[in-house]
Amino acid sequence: MNILEIENFFGNSSFFLLFFSMISYWVIVAFDLKTLNFGRFLMIGANFCLLSLLILRWKESGHFPLSNLYESLMFLSWSLSTFHFILENIESNREKNFEIENFSFFDFSNKNKEQKNLNTNRIKQPFLGSLTSPAALFTNAFATFSLPSEMQHSSALVPALQSNWLMMHVTVMILSYSALICGSLLSIAFLIFTKNLDFDFHENESALKAPSAEKFVSVFPDSEKTEFFASASGLTEPMKVTPSFLNKSSQLHSTTKLSSENDFTKTNPLKTKFAETLDNLSYRILGIGFPFLTIGILSGAVWANEAWGSYWSWDPKETWALATWFVFAIYLHTRLTKGWRGKKPAFIASFGFIVVWICFLGVNLLGEGLHSYGFFN
């Protein structure tokens, strides 16, 4: 078995492992299965196969395997699977006291305390894998099945790429893309998950405002039940029921208000906590990707000056990389300076998801500029 056959074996194995990993994550999330998370083990196998493939191509070609679009896509697929494990570790370390594995995709109702305390450390939350595994699979499948066979073979570097900056610049840029893609996916999931909730708030505010007394009265007209349920739900002051609350018009007004607003009857602490976790994880992983992107752009400018005699030439790739930088700079500015949390910054990150893919893949496929790996031409 020669080295090309071994490369094909690792490439095909990584595709099938990512495919079955995605299926496993989706099944566990959709049916809320309390079983061993096979998707994680399959993802580990895919990560190993991709790493082995890249190392073999490095040995075969004698240079870092980032010289064409196929190798870049495979490296991106490996990076996405790697950041998946980083996300899982961040979540498990930050939320040790919150049993997020009890979350069900279809059932948001509160479970009994006894059920919540069962098997708290048995499985990891598969929801993150249901988001990251399709992205890793897409890049892997596109490289394997869509690119022409001649582009999948390792080739000698053109003179402009024969530099030590190749490993520094391209590696950091792809790592930044993978982090930004993962963070943007989490923001998209957050927006879908909270489409019926008001989650626009600042750093010093709570995600959901405490329900008003009128809402409790409309549901529990009896004063004793109302006072008990209001105190249990977080009202800071004791509620006194007056006759004005109990007349029919007030109850009708409160009931109408209850049906038109997002209040405590449409959400629960588990759902709120999960949404906050998505928002926090997105912010953290985007906070990792943005410095990588900054370093990648700066190192690319230095390399461009050495290779082409100019730090910046407004090449399509450079322009879109700068646009990507501005999008996520705005996102971090709103989070750090303005204190925004929730839907507003999530919309910015979701827009950044599109910009990242245009920057990484769209510009290359157009076959224009100094950075293109286009084959449509």
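Since the structure is predicted, the reported quantities are computational estimates derived from the model, not experimental observations. (Residues numbered from 1 in each chain as written. Predicted model: local features only at pLDDT ≥ 70, side-chain atom pairs only at ≥ 80, totals over all residues. Heavy atoms only, no water.)

**Points about the overall build of the protein chain**
Rule in force here: The way it works is that DSSP assigns letters per residue, a run of H or I at least four long becomes a helix, a run of E at least two long becomes a strand, and they are numbered from the N terminus. Type-normalised accessible area, obtained with a 1.4 Å probe on protein chains alone, sets the label of each residue: buried when under 20%, exposed when over 50%, and partly exposed for intermediate values. It only takes one pair of heavy atoms within 4.5 Å for two residues to be counted as in contact. Here, Shrake-Rupley sampling with a 1.4 Å probe gives the accessible areas, and only protein chains in the shown set may cover a residue.
Of the regular secondary structure elements, the protein chain holds 14 helices and two strands. Classification of the 377 residues of the protein chain by burial places 48% in the buried group. For the protein chain, the share of sequence-separated contacts (at least 6 apart) that also reach a separation of at least 24 residues comes to 80%. When the accessible surface of the protein chain is totalled, it reaches about 18800 Å², and 63% of it is carbon and sulfur.

**Digging into helix α13 (residues 316–336)**
Short version of the rule: Expected helix span is computed as 1.5 Å times (number of residues minus one). N or O atoms closer than or at 3.5 Å make up a polar contact, with two conditions inside protein: a donor-capable atom paired with an acceptor-capable one, and, for residues adjacent in sequence, both atoms drawn from side chains.
Helix length check: α13, at 21 residues, gives a terminal C-alpha distance of 30 Å against a target of 30 Å (1.5 Å per residue), a fit within 8%. The complete set of buried residues in α13 reads K317, E318, A321, T324, V327, F328, A329, Y331, L332, T334 and R335. Those residues of α13 that are buried lie in contact with α7 (165–193), α12 (269–308), β2 (340–341) and α14 (343–366). Measuring from the backbone nitrogen of K317 back to the side-chain oxygen at the start of α13 gives 3.0 Å, which picks out D315 as the cap.

**What to know about unusual backbone geometry**
One non-glycine residue, W314, lies in positive phi territory at about 55°. Under the relative-accessibility criterion, W314 is labelled exposed at 57%.

**A look at the packing of aromatic side chains**
Counted only if it meets this: Pairing of aromatic side chains requires ring centres within 6.5 Å, counting the rings of Phe and Tyr and the six-membered ring of Trp. Pairs whose planes differ by under 30 degrees are stacked, by over 60 edge-to-face, and all others tilted.
Applying the stated criterion across every chain, the model contains 18 aromatic pairs. Ring geometry for W58 versus F64: centroids 4.8 Å apart, planes at 85°, classification edge-to-face. A relative accessible area of 36% means that W58 is categorised as partly exposed. Where W325 meets F326, the ring centres are 5.4 Å apart and the plane angle is 80°; that geometry is what we call edge-to-face. On the basis of relative accessibility, which here comes to 26%, the residue W325 falls in the partly exposed class. On the basis of relative accessible area, F326 is assigned to the partly exposed category, the value being 43%. By way of ring pairs, the aromatic residues F138, F142, Y177, F353, W357 and F360 are connected into one cluster.

**Some details on the confidence of the model for the protein chain**
Basically, it comes down to this: pLDDT runs from 0 to 100 and stands for how confident the predictor is about each residue.
The predicted model of the protein chain averages 75 in pLDDT, with 68% of residues at 70 or higher. Confidence drops under a pLDDT of 50 for residues 97–124, and excluding neighbours within four residues, the segment shows 51 contacts in the predicted structure. Note on residues 206–266: pLDDT is under 50 here. Beyond four places in sequence and across chains, it has 61 contacts.

**A few points about the pattern of salt bridges**
Worth spelling out the cut-off: Between Lys or Arg on one side and Asp or Glu on the other, a salt bridge is scored when a side-chain nitrogen of the former is within 4 Å of a carboxyl oxygen of the latter.
One pass over the structure, following the stated rule, counts five salt bridges. R40 is paired through a salt bridge with E88; the nearest N and O atoms lie 1.9 Å apart. Here R40 is found in helix α2 (residues 38–61), whereas its partner E88 is found in helix α3 (residues 69–94), with 48 residues between them in sequence. We classify E88 as buried; its relative accessible area is 3%.

**Some details on a nonpolar patch on the surface**
Quick note on the threshold: Patch construction takes residues with relative accessible area above 30% that form no salt bridge. Like charges are linked within 9 Å, and nonpolar side chains (Val, Leu, Ile, Met, Phe, Trp, Tyr) are linked within 5 Å.
On the surface, F16, F19, F20, I23, W26, V27, F31 and L33 cluster together into a nonpolar patch covering about 760 Å² of accessible area. In this fold, F16 is placed in helix α1 (residues 3–31). On the basis of relative accessible area, F16 is assigned to the partly exposed category, the value being 47%.

**Let's talk about the side chain of T334**
Secondary-structure assignment places T334 in helix α13. Residue classification places T334 among the buried residues on the basis of a relative accessible area of 6%. At a separation of 2.6 Å, a polar atom in the side chain of T334 contacts the main-chain carbonyl oxygen of Y331. If we ignore the near neighbours within four places in the chain, the residues touching T334 are G339, W340, P345 and I348.

**Examining the environment of F138**
When you line up the elements, F138 lands in helix α5 (residues 127–146). A relative accessible area of 43% means that F138 is categorised as partly exposed. For F138 and F19, which are 119 residues apart along the polypeptide, the C-alpha to C-alpha distance reads 9.4 Å.

**Regarding the packing of α1 against α5**
Stated formally: Interaxial angles span 0 to 180 degrees and are taken between N-to-C directions of axes, which are lines fitted to C-alpha atoms, for helices over the stretch in contact. Angle categories: roughly parallel below 35 degrees, roughly antiparallel above 145, roughly perpendicular from 65 to 115, and oblique for all the rest. With the far helix as reference, a near helix turned anticlockwise by less than a right angle produces a left-handed crossing, and one turned clockwise produces a right-handed crossing. Just so you know the grouping, Ala, Val, Leu, Ile, Met, Phe, Trp, Tyr, Cys and Pro go in nonpolar, Asp, Glu, Lys and Arg go in charged, and all remaining residues, Gly too, go in polar.
Remark: α1 packs on α5, axes separated minimally by 8 Å, with the N-to-C direction vectors making an angle of 150°. When the interaxial angle is binned, α1 and α5 end up roughly antiparallel. Note on packing geometry: the crossing formed by α1 with α5 is left-handed. Contact residues: α1 offers G11, N12, S14, F15, L18, F19, S21, M22, Y25, W26 and V29, while α5 offers F127, G129, S130, S133, P134, A136, L137, N140, A141, T144 and F145. Of the residues contributing to the contact of α1 with α5, the split by class is 13 nonpolar, nine polar and no charged.

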